[in-house]
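Observations on the model geometry
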Amino acid sequence: MLEEVDRAICAASVLHQADQAIRRLVSQSMKTAKDKKLTKCNMKLLSEELNKLKTVLLEDLRHVTFQGNSIKLCSDVNTVVEEAARKFDQKKEDIVMKFQKFQT
């Protein structure tokens, strides 16, 4: 019973930290898009796309976390968070480039 509670706490921590890291990346991307003079309409669409991507990646991480893989996740939370942020960052670049291409 105690072991299950520990795993749940760890999983919540991993998800929370990954969410925070990805939120920072979304924020940076939106600032960069604003600096590059993306239109308000495209800024809104970009925000929606990035937040959808964030939701999908966090949901994937949630499924991994609660399918018995939490022991591995709990042993190296920072690595898991960095990997989630890296995956987001890679996919984010494709989305941002698509919006920048339409802007020019």
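Residues numbered from 1 in each chain as written. Predicted model: local features only at pLDDT ≥ 70, side-chain atom pairs only at ≥ 80, totals over all residues. Heavy atoms only, no water.

The next point concerns the nonpolar core. Counting residues in hydrophobic clusters, the biggest one holds 27 residues, and the most contacted among them are Leu 46, Leu 50, Leu 61 and Phe 88. Of all the elements in the fold, those that place two or more residues in this core are helix H1 (2-35), helix H2 (40-65) and helix H4 (77-103). Of the residues forming this core, the biggest block, 10 residues, is contributed by H1. Non-local contacts of Leu 46, meaning those with residues more than four positions away in its chain, are made with Met 30, Ala 33, Leu 38, Ile 95, Val 96 and Phe 99. (Core = buried A, V, L, I, M, F, W, Y, C linked by side-chain atoms within 4.5 Å. Buried < 20%, exposed > 50% of the residue type's maximum accessible area, 1.4 Å probe, protein only. Helix = DSSP H or I, 4+ residues; strand = E, 2+ residues; numbered from the N terminus. Contact = heavy atoms within 4.5 Å.)

This brings us to the confidence of the model for the protein chain. Considering every residue of the protein chain, the mean pLDDT works out to 84; 80% of them sit at 70 or more. Model confidence for the protein chain, summarised as mean pLDDT per element, is weakest for helix H3 (residues 70-75) at 57 and strongest for H2 at 92. (pLDDT = per-residue confidence, 0-100.)

Take the pattern of salt bridges next. Summed over the entire model, instances satisfying the criterion amount to nine salt bridges. A salt bridge links Lys 54 to Asp 19, with the nearest nitrogen and oxygen atoms 3.4 Å apart. Remark: Asp 19 occurs in helix H1 and Lys 54 occurs in helix H2; sequence separation between them is 35 residues. Lys 31 is the partner of Asp 35 in a salt bridge, and the nearest nitrogen-oxygen pair spans 3.2 Å. Separated by four residues within a single helix, Asp 35 and Lys 31 lie in helix H1, roughly one turn from each other. The same class applies to Asp 35 and to Lys 31, which are both exposed. (Salt bridge = Lys/Arg side-chain N within 4 Å of Asp/Glu carboxyl O.)

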